[in-house]
Amino acid sequence: MLKAKIAPSMLSSDFANLASEAQRMVDSGADWLHMDIMDGHFVPNLTIGAPVIESLRKHTKAYLDCHLMVTNPLNYVEALGKAGASGFTFHVEVTKENWQELVQQIKRRGMRPGVALKPGTPVEEVYPLVEGDNPVEVVLVMTVEPGFGGQKFMPEMMEKVRALREKYPSLDIEVDGGLGPSTIDAAASAGANCIVAGSSIFGAPEPAVVISLMRKSVGTAQGQLDDGR
């Protein structure tokens, strides 16, 4: 059975206290810390880069799950590898010509490669990256338009998750956008096992309760999916 990985989105944290916020999430049961890197070009927002990852790495051993909403992800590989990023997820929309080289560079720098797709991108576009000689290890299905936190979950994106899970039973499938107690079951039952959640965790009186609820939902759904195979 695939392991649930709950990844609080640090975009919703108090950036002035990033190290203590990261520790608070780990203490609450987080498996990964999701780091949104935006360049102000691929998406309109501008967030953090390698210097912040490097600073945070000095204060945590947690898996830093970096999601690059950038136009030229190849330009970020060396710096993020040196900074201590754990995962490097790039967007398929900007890497159709060079993804093989990109995946190779990510692995060479000791990071785990992943590919993300926006809501308007057909799921079939990531299949070659999962099936290639040097495949990605995570597929991130955006359940909101990338760029800003606090958006509403798009349930129609679950068709993509279902298609991926049916085709790749052992793949880490991640969802990001609008995930919380009211939407986790839809994502988990479709087959997602890696859950990114920002405001629903950071805004909760007890983040550990929300993380535990999400983990339980994924575990139950994965058990049912295994039984159905």
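This write-up is about the structure you can find in this document. This is a predicted model, so every value here is computed, not measured.

With parallel pairing, eight strands are arranged side by side in an open sheet as β1-β8-β7-β6-β5-β4-β3-β2. Lying at the two open borders of the sheet, with one neighbouring strand each, are β1 (5–8) and β2 (32–38). Within the sheet, the average angular offset between the axes of one strand and its neighbour, ignoring direction, is 20°. Both strand β4 (residues 87–91) and strand β5 (residues 112–117) contribute to a ladder of five bridges, which runs parallel. Paired with G87 across the two strands is R112, which belongs to β5. Strands in contact with helix α2 (residues 50–57) are β2 and β3 (63–69); relative to β3, the strand with the most contacts, it is inclined by about 175°.

Turning to helix α6 (residues 158–167), a few remarks are in order. Restricting attention to buried positions, one finds in α6 the residues M158, K160, V161, L164 and R165. Down the axis of α6, the buried side of the element spans an arc of 150°, and every buried residue falls inside it. Of the residues in α6, the exposed ones pointing more than 90 degrees away from the buried face are E159 and E166. Check the buried side of α6 and you find it contacts β5, α5 (127–131), β6 (138–142), β7 (172–176), α7 (184–190) and α9 (207–228).

On to the side chain of K160, then. Examined against the element boundaries, K160 turns out to sit in helix α6. Notably, K160 is buried but unbridged: the nearest opposite-charge side chain belongs to E93, and the N-O separation is 6.9 Å.

Turning to the pairing of β5, a few remarks are in order. Within β5, five of the six residues are buried, leaving the element largely enclosed by the surrounding structure. You can see the chain leave β4, run along helix α4 (residues 99–108) and come back into β5, and the turn it takes is right-handed. Here four bridges tie β5 to β6, and the two strands are oriented parallel to one another. Its bridge partner lying in β6, L117 is registered against V141.

Okay, the environment of H41 next. Looking at the secondary structure, you find H41 in the loop between β2 and α2. A polar contact of 2.5 Å, which involves the side chain of H41, links it to the side chain of T71.

In this structure, T60 sits in the loop between α2 and β3. By relative accessible area, T60 is classed as buried at 10%. Reaching out from T60, the side chain makes a polar contact with the backbone nitrogen of A62 at a distance of 3.0 Å. The contact partners of T60, leaving out residues within four places of it in the chain, are V26 and L33.

Before going further, it helps to spend a moment on the nonpolar core. Residues I53, F90 and V139 are the most contacted members of the largest nonpolar core, which totals 66 residues. With five residues, the single largest contributor to this core is α9. Every residue in contact with I53, bar those within four places of it in the chain, is listed here: M35, I37, I48, L64, C66, L80, A83, G84 and A85.

A few words now on the pairing of β6. Among the five residues that make up β6, five are buried, leaving the element largely enclosed by the rest of the structure. What you see with β6 is no split at all: V138, L140 and M142 on one side and V139 and V141 on the other are buried throughout. Of the pairings in the sheet, the one linking β6 to β7 comprises five bridges and is parallel in character. Residue pairing across strands places V141 opposite V175, the latter belonging to β7.

Procedures and definitions
- Residues numbered from 1 in each chain as written.
- Predicted model: local features only at pLDDT ≥ 70, side-chain atom pairs only at ≥ 80, totals over all residues.
- Heavy atoms only, no water.
- Pairing = 2+ DSSP bridges.
- Helix = DSSP H or I, 4+ residues; strand = E, 2+ residues; numbered from the N terminus.
- Axes fitted to C-alpha atoms, helices over the stretch in contact; angles between N-to-C directions.
- Contact = heavy atoms within 4.5 Å.
- Buried < 20%, exposed > 50% of the residue type's maximum accessible area, 1.4 Å probe, protein only.
- Arc of directions from axis to C-beta.
- Lys, Arg positive; Asp, Glu negative; His and termini not counted.
- Salt bridge = Lys/Arg side-chain N within 4 Å of Asp/Glu carboxyl O.
- Right-handed = clockwise from strand over helix to strand, strands pointing away.
- Polar contact = N/O pair within 3.5 Å; in protein donor to acceptor, adjacent residues only side chain to side chain.
- Core = buried A, V, L, I, M, F, W, Y, C linked by side-chain atoms within 4.5 Å.

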